[in-house]
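# Breakdown of the fold
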Amino acid sequence: VRLRYKNPKENQSQEMEQSLADQRKAFEDSATRYALDWRLLAAVGYQESMWDPAAVSPTGVRGLMQITTDTAAFLKIDDRLDPKQSIRGAARYVQRLHAALAPEIPEPDRTWMTLAAYNVGIGHVNDARDITRAQGGDPNRWLEVRSHLPLLAQAKWYRKTKYGYARGHEAVTYVGNIRTYYDMLSFLTGGPATVKIEAPVDEPEEKKPEDPLNINSPVL
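The text that follows walks through the structure, step by step, so that each part is easy to find. On a predicted model such as this, the values are computed, not experimentally measured, just so you know.

Before going further, it helps to spend a moment on the packing of aromatic side chains. Summed over all chains, the structure comprises five aromatic pairs. Geometrically, the ring pair formed by Tyr46 and Tyr181 is edge-to-face, given 4.8 Å between the ring centres and 75 degrees between the ring planes. Taken together, the residues Tyr46 in helix H3 (residues 38–49) and Tyr181 in helix H10 (residues 168–189) connect sequence positions 135 residues apart. Across this residue pair, the class does not change: Tyr46 and Tyr181 are buried. On the basis of an interplanar angle of 85 degrees and a centroid distance of 5.6 Å, the ring pair of Tyr158 and Tyr165 is categorised as edge-to-face. You can call Tyr158 partly exposed: its relative accessible area is 23%. The class of Tyr165 is partly exposed, set by a relative accessible area of 43%. An aromatic cluster is present here, built from Phe27, Tyr46, Trp51 and Tyr181 joined pairwise through their rings. Cation over ring: Lys160 sits above Trp157, and NZ or CZ is 5.4 Å from the ring centre. When the ring centre of Trp112 is taken as reference, the NZ or CZ atom of Arg179 above it lies at 4.2 Å.

Structure, rendered in structure tokens:
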């Protein structure tokens, strides 16, 4: 009997297609509100929880987008286990991180660094950019910053940085996974995978602390 080889990515695509229906509208609505590609936002959610609204990590992050208590307070999320609130909050956070990066970083590098910042914190991403620059690399190119992020776990390097130690290698894997999921979703939905986060949208006027989204810290 000849067994048919099953491609793991093919199986994963089928699973994604089956489980996306429940959350797709929430991703689309929040992405529209914050000028994102909904498939990118959905790819982040898949990486965080495999789209499980009840997901809870050992470190206390909760919900579909795995948001911390502090970040939920900044984002005015009353219930982190409410998938609509979780997705909307994450979309806003992604948009703000994207806007906070150095203006000279082009696309799509800017988007990949935004995703790294969502995972490890924008301060650590900027530290990796500084190391890249010091090593003669281009701090505005994700491929070069990606190769230097793991150095943030080495005392020789992180002691010279502003924000110190970070598991930079995890951020590299994190972004790589999201890119894979984004490509899968683009294939499943029939749209081109030309990821780009647009300029930030205006928020309603409100009293805000100096750093309302605490963007120098990771969301996780």
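Across its 22 residues, H10 extends 32 Å between first and last C-alpha, which sits within 8% of the 32 Å expected from 1.5 Å per residue. Within the span of H10, buried status applies to Gly168, Ala171, Tyr174, Val175, Ile178, Tyr181, Tyr182, Met184, Leu185 and Ser186. Just downstream of H10 lies Gly190, where phi reads positive at about 75 degrees.

Right, let's get into the environment of His169. Inspection of the secondary structure puts His169 in helix H10. Put simply, His169 and Ser147 are 22 residues apart on the chain and 8.9 Å apart in space, counted from C-alpha to C-alpha. Every residue in contact with His169, bar those within four places of it in the chain, is listed here: Leu149 and Pro150.

Within the largest apolar cluster, 56 residues are counted, with the highest numbers of intra-cluster contacts made by Phe27, Trp51, Met65 and Tyr118. Mapped onto this core, the elements with two or more residues apiece are helix H2 (24–33), H3, helix H5 (83–100), helix H6 (109–120), helix H7 (122–134), helix H8 (142–148) and H10. Here the element with the most residues in this core is H10; it accounts for eight residues. Residue contacts for Trp51: discarding those within four places in its chain leaves Met16, Ser19, Leu20, Phe27, Ala42, Gly45, Tyr46, Leu64 and Leu185.

Considering all chains together, one arrives at eight salt bridges under this definition. Here Arg141 ties to Asp109 by a salt bridge, and the two come within 3.1 Å at their closest N and O atoms. Pair noted here: Arg141 is in the loop between H7 and H8 and Asp109 is in helix H6, with a separation of 32 residues, a long-range link. Look at Arg141 and you get partly exposed, because its relative accessible area is 38%. A salt bridge links Arg141 to Asp138, with the nearest nitrogen and oxygen atoms 3.9 Å apart. Residue classification places Asp138 among the partly exposed residues on the basis of a relative accessible area of 29%. Several salt bridges share partner residues, and in doing so they unite Asp109, Asp138 and Arg141 into one network.

Turning to the packing of H2 against H3, a few remarks are in order. Interaxial distance between H2 and H3 falls to 8 Å at its minimum, and their mutual angle equals 125 degrees. Put simply, H2 runs oblique to H3. You can see that H2 and H3 cross each other, and the crossing is right-handed. Listed contacts from H3 to Arg24, Phe27, Glu28, Ser30 and Ala31 of H2 are Trp38, Leu41 and Ala42. Here the residues of the contact of H2 with H3 sort into five nonpolar, one polar and two charged.

Thresholds, definitions, all that
- In this convention, every chain numbers its residues from 1, walking through the sequence in written order.
- Residue-level local features of this predicted model are given only where pLDDT is at least 70; pairs of side-chain atoms are given and counted only at 80 or more, and the full residue set underlies all totals for whole chains, interfaces and linings.
- Where side-chain values are given, they derive from all heavy atoms of the structure, hydrogens and water being excluded.
- For this analysis, a ring pair means two rings from Phe, Tyr or Trp (six-membered ring only for Trp) whose centres lie within 6.5 Å, classed as stacked if their planes differ by under 30 degrees, edge-to-face if by over 60, and tilted for the remaining angles.
- Here a strand is any run of E in DSSP of at least two residues, a helix any run of H or I of at least four, and the numbering for each starts at the N terminus.
- Burial classification: accessible surface area is computed with a 1.4 Å probe over protein chains only, and a residue below 20% of its type maximum counts as buried, one above 50% as exposed, and the rest as partly exposed.
- Here, a charge over a ring means that NZ of Lys or CZ of Arg falls within 6 Å of the ring centre while also lying within 35 degrees of the ring normal.
- A helix's residues, less one, multiplied by 1.5 Å, set its expected span.
- We call two residues in contact whenever any of their non-hydrogen atoms come within 4.5 Å of each other.
- Here, nonpolar core means buried Ala, Val, Leu, Ile, Met, Phe, Trp, Tyr and Cys residues that are tied together by side-chain atoms lying within 4.5 Å of each other.
- A side-chain nitrogen of Lys or Arg and a carboxyl oxygen of Asp or Glu constitute a salt bridge if their distance falls within 4 Å.
- Axis angles are defined between N-to-C directions and span 0 to 180 degrees, where every axis is a line fitted to C-alpha atoms and, for a helix, only to the segment in contact.
- Any angle from 65 to 115 degrees is called roughly perpendicular, while one under 35 is roughly parallel, one over 145 is roughly antiparallel, and all others are oblique.
- Each crossing gets its hand from how the near helix is turned against the far one by less than a right angle, where anticlockwise is left-handed and clockwise is right-handed.
- Following the grouping adopted for this structure description, the nonpolar residues are Ala, Val, Leu, Ile, Met, Phe, Trp, Tyr, Cys and Pro, the charged ones are Asp, Glu, Lys and Arg, and the polar ones are all others, Gly among them.

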